[in-house]
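Structure assessment
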Amino acid sequence: MSVLPPGSAIPSPFQVFRLVRDPMRFFEGRRRRYGPVFRAPVFRIAWFRPPREVFVATAELAERVYATDAGGGRAGETRRDFMAPAVGEHSLLSLDHEPWQRHRKLLTPPLRARTIAGYRDDIGRIAAQNISQWPVGRPFPLRDRMQEITLEVIMRLVFGITDSERLDRLRPLLHTLADPGGPYTLMLMSAAARDRVLGSRLLRRMPFLPTTRFLAARDAVDELLYEEIARRRAEPQENATDVLSRLLAARDDEGRPMTAQELRDELITMLEAGHETTATGLAWTFERLLRNPQVLGRLRTELDRGQEGYLDAVVKEGLRTRPVVYAAPRLLDAPLELGGYRVPAGWAVGPAIPLIHHDPTAFPEPCAFRPERFLGDGAGAANRSWMPFGGGRRYCVGAQLALLEMRVIIREVLERMDLTAEDPEPERPLIRHVTLVPSRLTTVTARPRAGM
Ligand code: HEM
């Protein structure tokens, strides 16, 4: 079989324009027209050539893609170019083969559900403190507040920084570093062009450019993190539970510790991969809850009774109906047979997560926001096709932390506040970097909950 997957003959720039204008319509239109395996330009836009990127739209096909993690597919390579300016060369996101395996073994234990369970109260305190400063009776974008909370979680529980003066210095710098506005232009360049720009002295003299601000923030963050790493190495705290402390104590199979540069790169990786994504997942879940009052009502009742099973299902349904990351691509080293087509080596192939999450065979009435599908008898089938965190060996290493944060933060908000949507119309997904964000960043009005 040597048939290439079908795809539109329209030049890539026009297709990308359509994707950016309405990502859900774009993906749904492709599936309707071409079936569950199709070509579309998204990650590696070859402007004047037909795209060498393939998407799949069912969980079974996605599993075949994830299976290439064992050999034949490289996830790191698809992310390297656009992540490198921020995360450096030693990042779990962009490594492949043995170096990736070594890092994955080191990063997995500190992020396991059991290890991070102790963060619950700290996350609750961080959220409560933030909520106490929300404007009352005046609309504001909830996603920004969620981002402040998830940034604080990264600084305190992942980096383990407790000193308030250091936190105050780091906060605005990390905010700039994580803003895709800065490195976005860098991401679109070839590696050689990007290195020339990054090394340019002229650029450093133009502080008004987002790229220059990004570079200045990166330098300042690096200085702070290297200082922190050196200080903690010199005075190890035996009972510290933050992720950095655990990584400092970790040893690889040869008994080697991580180098300071590896630690720095992985800390920035967890910031880049873990703070906006979790904040967006929270914003979407609130956006859906506010358009589904009966679900919100049941959630409140269950939480007031001290039960968390329904909360867990709400978080899952939030990430299903509005997956934050829309694709998890692999670059193929060997051809891959998919649904009767053959994807050649050198092409990128990935699940279109929003399509998989709206597959009516796995999720009947896929557009309905119905957490009950993750409870009871049907839950097994729903869970098998649920993949907001990707899959295979490259499955999101921070998934358990993200889920814990979402559960704790939703609970803290609902205990304290009544929220109303500024506009009852649903918010549309917009592409931002590799994520889909709500078009009005979940604009809400908050009032203290009756009786609080
Ligand atoms: C709701 C929040 C989050 C979502 C939706 C999300 C989603 C994803 C997805 C789709 C992938 C790609 C998986 C694949 O290629 O199969 C991924 C990878 C990754 N995520 Fe997350 N993520 C979230 C939170 C986090 C957090 C909190 C952290 C860290 C603290 C994190 C760290 C990472 C890293 C390091 C990788 C690369 C893993 C590897 O290649 O081995 N993520 N994430």
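Here goes a summary of the coordinates provided. In this text, all values refer to a predicted model and were calculated from it rather than measured experimentally.

Describing the overall build of the protein chain
Looking only at helices and strands, the protein chain has 21 helices and 12 strands in total. In terms of overall dimensions, the protein chain has C-alpha extents of about 60 × 55 × 45 Å along its principal axes. Here the protein chain, with 452 residues, has 54% of them falling under the buried criterion. Restricting the contact set of the protein chain to residue pairs at least 6 apart, pairs at least 24 apart contribute 72%. When the accessible surface of the protein chain is summed, it comes to about 20000 Å², and 53% of that surface belongs to carbon and sulfur atoms. Treating the 66 positive side-chain charges of the protein chain as one cloud and the 57 negative ones as another, the clouds have centres 4 Å apart.

Side note on the site of the ligand
Around the ligand, 26 residues are found, and the nearest of them are R79, R104, R330, R394 and C396. The separation between an oxygen atom of the ligand and a polar main-chain atom of L92 is 3.4 Å. The contact in question runs from an oxygen atom of the ligand to an N or O atom on the side chain of R394, over 2.8 Å. With four residues, helix α15 (residues 260–274) is the largest single contributor of residues to the shell around the ligand. Tallied by class, the residues present in the shell around the ligand amount to 15 nonpolar, seven polar and four charged.

Digging into the sheet that holds strand β12 (residues 443–448)
One open sheet holds the three strands; their spatial order is β4-β12-β9, and the pairing between them is antiparallel. Taken across any chain shown, the strands that pair with only one partner, and hence form the sheet edges, are β4 (140–141) and β9 (417–421). One ladder, built from two bridges, connects β4 with β12; its direction is antiparallel. Within the sheet, the bridge partner assigned to P141 lies in β12 and is T443.

A look at the coordination of the iron atom of the ligand
If you check the protein contacts of the iron atom of the ligand, you find one donor only, C396 (SG), at 2.3 Å. Assignment of secondary structure puts C396 in the loop between α20 (379–384) and α21 (399–416).

Looking at helix α3 (residues 59–66)
Turn by turn, an α-helix covers 3.6 residues, leaving residues three or four places apart pointing in a common direction. The set of residues buried in α3 consists of A59, L61, A62, V65 and Y66. Viewed along the axis of α3, the buried residues span an arc of 155°, placing them on a single side of the element.

Topic: the nonpolar core
By size, the foremost hydrophobic cluster in this structure holds 90 residues, and its most contacted members are W134, M146, F159, L174, F286, L299 and L419. The leading source of residues in this core is α21, at 11 residues. For L419, the residues in contact, after removing those within four places along its chain, are W134, L142, F286, L290, V413, V444, T445 and A446. One finds V54, Y66, A328 and V349 within the second-largest nonpolar core, a separate group that totals 17 residues.

With respect to the packing of helix α9 (residues 164–178) against helix α13 (residues 210–234)
Remark: α9 packs on α13, axes separated minimally by 9 Å, with the N-to-C direction vectors making an angle of 140°. In terms of axis orientation, α9 runs oblique to α13. With respect to the hand of their crossing, α9 and α13 are arranged in left-handed fashion. Along the contact surface, α9 presents R166, R169, L170, L173, L174, T176 and L177, while α13 presents R213, F214, A217, R218, A220, V221, L224, E227, E228 and R231. Looking at the contact of α9 with α13 residue by residue, the class counts come to nine nonpolar, one polar and seven charged.

Quick notes on the packing of helix α17 (residues 293–304) against α21
With their axes 11 Å apart at the nearest point, α17 and α21 run at an angle of 95° to one another. Judged by the angle between their axes, α17 and α21 are roughly perpendicular. Each of L296, L299, R300 and L303 in α17 lies in contact with α21, whose residues at this interface are I410, R411 and L414. Looking at the contact of α17 with α21 residue by residue, the classes come out as five nonpolar, no polar and two charged.

Basis of the calculations
- Residues numbered from 1 in each chain as written.
- Predicted model: local features only at pLDDT ≥ 70, side-chain atom pairs only at ≥ 80, totals over all residues.
- Heavy atoms only, no water.
- Helix = DSSP H or I, 4+ residues; strand = E, 2+ residues; numbered from the N terminus.
- Buried < 20%, exposed > 50% of the residue type's maximum accessible area, 1.4 Å probe, protein only.
- Contact = heavy atoms within 4.5 Å.
- Areas by Shrake-Rupley, 256 points an atom, 1.4 Å probe, with all protein chains shown as cover.
- Lys, Arg positive; Asp, Glu negative; His and termini not counted.
- Charge placed at Lys NZ, Arg CZ, Asp CG, Glu CD.
- Near = heavy atom within 4 Å.
- Polar contact = N/O pair within 3.5 Å; in protein donor to acceptor, adjacent residues only side chain to side chain.
- Nonpolar A, V, L, I, M, F, W, Y, C, P; charged D, E, K, R; others polar.
- Pairing = 2+ DSSP bridges.
- Donors = N, O, S within 2.8 Å, 3.2 Å for Na, K, Ca; no water.
- Arc of directions from axis to C-beta.
- Core = buried A, V, L, I, M, F, W, Y, C linked by side-chain atoms within 4.5 Å.
- Axes fitted to C-alpha atoms, helices over the stretch in contact; angles between N-to-C directions.
- Parallel < 35°, antiparallel > 145°, perpendicular 65-115°, else oblique.
- Left-handed = near helix turned anticlockwise from the far one by under 90°.

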